[in-house]
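As a plain string of letters, each chain reads:
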Amino acid sequence: MPARDIYHNTVKTALEKDGWTITHDPFPLQIGKKRLSADLGAERLISAEKGIQKIVVEVKSFVGQSDVKDLEQALGQYILYRQILNETKIERDLYLAVSRLTFNSIFTIQLGQILLTNQIIKLIVFDDESEVIVQWIPN
């Protein structure tokens, strides 16, 4: 099993505080003979009429020497997981979970904004101290 991100349990707690039930830890993915895993799978009841919302979450800490390199790696992993979910017809929304500090340093500048503006990536922004979700992008 791959090593967990330093914020893994923080995000797990934040999701639970936000009303999500953790269904997978980790969330298994398979394409052909290759097995991978995203960090978490979760679900919650939206309303009786709309049913259950299901998500897959990949947690990234961005603590490497280069935030650009960290972004490249996270984006590559995100796109790969999104394609596997599509190909295997697993109907879950995929989110990248990042701390508020990472969001403010990467996703508020032009480099990160192009990913959000063009809807390339969905984010969960969390506060690592209070272990709560502060923003879902898109809402």
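About the thresholds
- Residues numbered from 1 in each chain as written.
- Predicted model: local features only at pLDDT ≥ 70, side-chain atom pairs only at ≥ 80, totals over all residues.
- Heavy atoms only, no water.
- Pairing = 2+ DSSP bridges.
- Helix = DSSP H or I, 4+ residues; strand = E, 2+ residues; numbered from the N terminus.
- Axes fitted to C-alpha atoms, helices over the stretch in contact; angles between N-to-C directions.
- Buried < 20%, exposed > 50% of the residue type's maximum accessible area, 1.4 Å probe, protein only.
- Arc of directions from axis to C-beta.
- Contact = heavy atoms within 4.5 Å.
- Core = buried A, V, L, I, M, F, W, Y, C linked by side-chain atoms within 4.5 Å.

Caption draft 1: Up close: the sheet that holds strand E5 (residues 51–59). With respect to topology, six strands assemble into an open sheet ordered E1-E4-E5-E6-E7-E8, the strand pairing being mixed. Of all strands in the sheet, those with a lone pairing partner are strand E1 (21–24) and strand E8 (132–137), marking the two edges. With direction set aside, neighbouring strand axes in the sheet form an average angle of 35 degrees. Looking at chain direction, E1 and strand E4 (residues 40–47) are connected through three bridges and run antiparallel.

Caption draft 2: Helix H3 (residues 100–107), seen in detail. Here H3 has its buried residues at Thr-102, Phe-103, Ile-106 and Phe-107. End-on view of H3: buried residues confined to an arc of 100 degrees, all on one side of the axis. Tucked into the core, H3 has its buried residues touching helix H2 (67–87), strand E6 (93–99), helix H4 (110–117), strand E7 (123–127) and E8.

Caption draft 3: Expanded view of the nonpolar core. With 24 residues, the main nonpolar core has Leu-96, Val-98, Phe-103, Phe-107, Ile-121 and Leu-123 as its most contacted residues. Mapped by element, the contributors of at least two residues to this core are strand E2 (27–31), H2, E6, H3, H4 and E7. Sequence-distant contacts of Val-98, defined by excluding residues within four places in its chain, comprise Lys-60, Phe-62, Phe-103, Phe-107, Leu-123, Ile-124, Val-125 and Phe-126.

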